[in-house]
Each structure stands twice: as C-alpha cells, then as structure tokens.
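Report on the structure
Each chain, letter by letter, is given below.
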Amino acid sequence: MEKILSLFETYPLEYDFSQIILILFLTAFFLSVIYFFIKVPLYLKPLKNIKKTEKPFQLNLSNSKETAYRVTFLIHKYSTPYNEELLKRLEKFKYKKDVDELDKDTIDLISKFMEYVRKNNGGI
C-alpha cells in the first residue's frame, strides 16, 4: 500500500493548477478569435454578392429633362429596336435650360422601350 502512495508523492497535492488552467483558457480564447477572423469572412462573402434592395426604376414623366437623361442612360445599356428613334426624340429635351413637356408620341415610345427592356432583359 505504501508503494502505491509513494507514486503520488512526486506530485504534491498542494501543486497549483490555476496557471495551467489559465494558460489553457487563454489558448482556447485566442484560437477562437483566430477562427472567427478566418471563417466568418468566408461566410459573409456570399452575402456581399446579394443585391441590396434597390428601389424599382421609375421615371418622372412630368420632368422631361430628367426623363430624357435617364432613358438615354438605359438606351446605352440595353439594345432594343426603339433605341435610334428614341435617341432622336429625346435629343431636344437634354441640352437646353428650359424644355417643353414630353409629347404623347415620345411618351408612348418610352413606354414601349421600357416594356421591351423589362420583358427581354429580366427587368429593371
């Protein structure tokens, strides 16, 4: 029996384990911080590619100058059969300080253009 008890004498019972526990705790903490900075950005990366909720594209037809510039931007972005005619019609609304309101034919052409873009290009 004394032989068995003699085995434990090399490690006295008053040995302080608090330093070992502190070292293990700090190691676990730093490893989890490193894991967080490596793994979390990988999970957030696909979220950055998701389009943010954008307001739907709307035209204010009462403001002919703004409408002309916005539709011209879309004309250069999308290819439609209405592009050339619409560019010719919108030219007179863009470069003057005071412009008239959009005429009915131009409004109809803009609505056809917008409908074509929404239908064939997945919408705006």
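What comes next concerns the included structure.

Basis of the calculations
- Along each chain, residues carry numbers from 1 onward, in the same order as the chain's sequence is written.
- Local features are withheld for residues below a pLDDT of 70 in this predicted model, meaning they are given only at 70 or higher, and side-chain atom pairs are given and counted only at 80 or more; totals for whole chains, interfaces and linings count all residues.
- Hydrogens and water are ignored here; the side-chain numbers use all heavy atoms of the structure.
- Elements are defined by DSSP. Helices are runs of H or I of four residues or more, strands are runs of E of two residues or more, and each kind is numbered from the N terminus.
- Multiplying one less than the number of residues by 1.5 Å gives the expected span of a helix.
- Note on exposure labels: buried denotes an accessible area under 20% of the residue type's maximum, exposed denotes more than 50%, and partly exposed covers the range between, all computed with a 1.4 Å probe on protein chains only.
- This arc is built from the directions going out from the helix axis to the C-beta atoms.
- Contact criterion: two residues are considered in contact whenever any of their non-hydrogen atoms come within 4.5 Å of each other.
- The term salt bridge refers to a side-chain nitrogen of Lys or Arg lying within 4 Å of a carboxyl oxygen of Asp or Glu.

Some remarks on helix α5 (residues 104-120)
The end-to-end C-alpha distance of α5, which contains 17 residues, comes to 24 Å, matching closely the 24 Å that a straight helix rising 1.5 Å per residue would cover. Among the residues of α5, T106, L109, I110, F113, M114 and V117 are the ones counted as buried. Looking straight down α5, one finds that the buried residues subtend no more than 135° of arc, so they occupy a single side. More than 90 degrees from the buried face of α5, the exposed residues found are K104, E115 and K119. In this structure, the buried side of α5 is in contact with α3 (64-77) and α4 (83-94).

Let's talk about the pattern of salt bridges
Enumeration according to the criterion identifies three salt bridges in this entry. For E85, the salt bridge identified is with R89, shortest N-O distance 3.0 Å. Residue E85 and its partner R89 are located together in helix α4, separated by four residues, close to a single helical turn. Between D108 and K104 there is a salt bridge, with its nearest N and O atoms 3.3 Å apart.

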